[in-house]
Amino acid sequence: MSANLARQFLLREDVVFLNHGSFGACPRPVFEAYQRFQLELESEPVEFLGRRLTELMRTPREVLAAELGAAPANIAAVTNATSGLNIVARSLQLRPGDQILTTDHEYSALEKTWAFVCRQTGAEVVVVKVPLPLVSEANFTDAIIAGMTERTRVLFLSHITSPTALLFPIAEVVAEARRRAIWSVIDGAHTPGHIPLELDSLGADFYAGNCHKWMMTPKGSAFLYARPEVQGLLDPLVISHGWTAQSKEPGAKGAFGNSPFIDEIEVQGTRDPSAWLAMPEAIRFRQDNDWTGVAAHCTALAQDTARRLQGLTGLAPLSAPEFSAPQMVAMPIPECDTAEVHKTLFDRYKIEMPVFRWQDTYIARLSVQGYNSRPQMDVLLEALGELLDLGEPRRAHG
Ligand SMILES: Cc1ncc(COP(=O)(O)O)c(C=O)c1O
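J.: What should I look at first to understand the sheet that holds strand β11 (residues 355-358) in this one?
T.: Note: strands within a sheet are paired through backbone hydrogen bonds, in either parallel or antiparallel orientation. With antiparallel pairing, the 3 strands of this open sheet are ordered in space as β9-β12-β11. Among the strands making up the open sheet, the edge pair consists of β9 (328-333) and β11. Between one strand axis and the next, the sheet turns through 40° on average, direction left out of account. When β11 meets strand β12 (residues 361-367), the two strands line up antiparallel, connected through 4 bridges. Residue pairing in the sheet places Arg357 in a bridge with Tyr362 of β12.

What follows is the structure, encoded as structure tokens:
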């Protein structure tokens, strides 16, 4: 990738930034658009927030909806995926004995959310161990469907997983959940701007995603999707002017002229919508820079780096390449003091990359974005080689 592209980001030049996955990184023109909105807001707050906000939100909602393959009426702006998923988890009416079916690859903040809900309602979480390495769709689908029982009320899955960077093939299990009247709740924190999405066709009941990761909008721009038929089940986390005691049937009008779903979730007291308003600029940045081509290059670089590391460790990957997130790969490494390796990678080599233990596997999670380059991958492999004492290439096993 060109150095020119790297210069369009605000990242420190002395850091090899290989962790786009955690919080994303915002390109300069997008960040400038965000700041222009903030300045405009501050120049006349009442005009901006009091009179124009509903209208201002319309264009970002439409452009995002087009990216997501969803009707604009089915997405509401939230600050992050966690808050979107909390709206769902804390709205669904669960009873003692009800089951929430999920996997052993979920993000810890959401595991806590469901644990909290279980404590409040008496429901229980049932965790399916996804067979690894993930090499076929049937591996995944069969394991999830085998976990469904008459008591399953919710299916909660990441679309792209955080610790293992796997792309779960969710379409079939979402359809099966619908057949069994199980609510499907999908954590798409990593998917917008990373994989193609067609949310209306997917048919999941609820889907939350972050735009500030792979769509590269500023932090605080995420969405909650809900199918029209289930929007009425949701209550906002914060009750404010958007709330009405009226019907939430499809077609009903909310307090600010959108649907009650959108108005209740988006209006929650005074807050800065500028990150969301920068959405069209983020999409323009991607188009102007041929992001489809850039992303394909990143995928090739991520997979090539994982293969090179595998050549040094002899450790098999967690999945076949098609089930790895395109721009993120969880690379198994030999047993080590992960906190120490993580710290030394930064202190000695200025490499920003998560290194951790997940179950019995030691993982270095590599993200590759348009600002990264092949020489950075060489630096990473050399650093890991030294830190993990990896000598000559080993033969692959198990
Ligand atoms: C799978 C997954 N879900 C949820 C989240 C939470 O995202 P946020 O902190 O933006 O709510 C993350 C963050 O990395 C994630 O990886």
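J.: Could you clarify how one ought to interpret the domain arrangement of the chain in this entry?
T.: How large an interface is tends to be reported as the accessible area lost when its parts come together. Assigned domains within the chain: domain 1 (3-26 + 290-387) and domain 2 (29-284). Of the roughly 2,400 Å² buried between domain 1 and domain 2 on both sides combined, carbon and sulfur atoms contribute 64%. For the domain 1 face of the interface with domain 2, the top three residues by lost area are Cys26, Phe323 and Trp358, together amounting to 28%. Our count for the contact surface shared by domain 1 and domain 2 stands at 0 salt bridges. The interface formed by domain 1 and domain 2 includes 13 residue pairs in polar contact (both at pLDDT 80 or more). Elements represented by at least two residues in the side of domain 1 that touches domain 2 include exactly α2 (20-23), β9, β11 and β12.

J.: Just checking my understanding: could you explain the packing of helix α8 (residues 137-146) against helix α9 (residues 171-179) for this structure?
T.: At a minimum axis distance of 9 Å, the contact between α8 and α9 shows a crossing angle of 25°. Looking at the two axes, α8 sits roughly parallel to α9. Along this stretch, α8 crosses α9, giving a crossing that reads as right-handed. For the pair α8 and α9, contact is made by Glu137, Phe140, Thr141, Ile144 and Ile145 and by Glu172, Val173 and Glu176, respectively. Residues belonging to the contact of α8 with α9 are distributed by class as follows: 4 nonpolar, 1 polar and 3 charged.

J.: Could you clarify how one ought to interpret empty space enclosed by the protein in this entry?
T.: Using a probe with the size of a water molecule, rolled over the atoms, empty space left in the structure can be pinpointed. On inspection of all chains with the given rule, the structure shows 1 cavity of 30 Å³ or more. Contributing to the lining of the largest cavity are Gln231, Leu234, Asp235, Pro236, Lys248, Phe261, Glu264 and Ile265. Ranked by residue count, the leading element in the lining of the largest cavity is helix α12 (residues 260-266), at 3 residues. Taken together, the residues of the lining of the largest cavity sort by class into 4 nonpolar, 1 polar and 3 charged.

J.: I'm lost on the state of the cysteines in this one. Help?
T.: Defined simply, a disulfide is a covalent bond joining two cysteines at their sulfur atoms. In this structure the tally under the stated criterion is 0 disulfides. Cysteine Cys26 is unpaired, with the sulfur of Cys211 as its nearest cysteine sulfur at 12 Å. Here Cys298 stays unpaired: no disulfide links it, and the sulfur of Cys26, its closest cysteine neighbor, is 16 Å away.

J.: Got a minute to help me understand the packing of helix α3 (residues 28-43) against helix α14 (residues 279-288) in this structure?
T.: For any two helices packed against each other, the geometry is given by the interaxial angle and the distance between the axes. Two elements in contact, α3 and α14, have axes whose closest approach is 9 Å; the angle formed by their N-to-C orientations is 165°. As far as their axial angle goes, α14 and α3 are roughly antiparallel. In this structure, the crossing between α3 and α14 has a hand that is right-handed. On α14, the residues touching Pro29, Val30 and Ala33 of α3 are Glu281, Ala282 and Phe285.

Definitions and limits used
Residues numbered from 1 in each chain as written. Predicted model: local features only at pLDDT ≥ 70, side-chain atom pairs only at ≥ 80, totals over all residues. Heavy atoms only, no water. Pairing = 2+ DSSP bridges. Helix = DSSP H or I, 4+ residues; strand = E, 2+ residues; numbered from the N terminus. Axes fitted to C-alpha atoms, helices over the stretch in contact; angles between N-to-C directions. Domains from an automatic or database assignment. Buried area = accessible area lost by both parts, 1.4 Å probe. Salt bridge = Lys/Arg side-chain N within 4 Å of Asp/Glu carboxyl O. Polar contact = N/O pair within 3.5 Å; in protein donor to acceptor, adjacent residues only side chain to side chain. Parallel < 35°, antiparallel > 145°, perpendicular 65-115°, else oblique. Left-handed = near helix turned anticlockwise from the far one by under 90°. Contact = heavy atoms within 4.5 Å. Nonpolar A, V, L, I, M, F, W, Y, C, P; charged D, E, K, R; others polar. 1 Å grid on protein atoms, 1.4 Å probe; cavity = no way out; pocket = protein on both sides within 12 Å on 5 of 7 lines; lining within 4 Å. Points joined across faces, edges and corners; volume = space filled by probe spheres on them. Disulfide = S-S within 2.5 Å.

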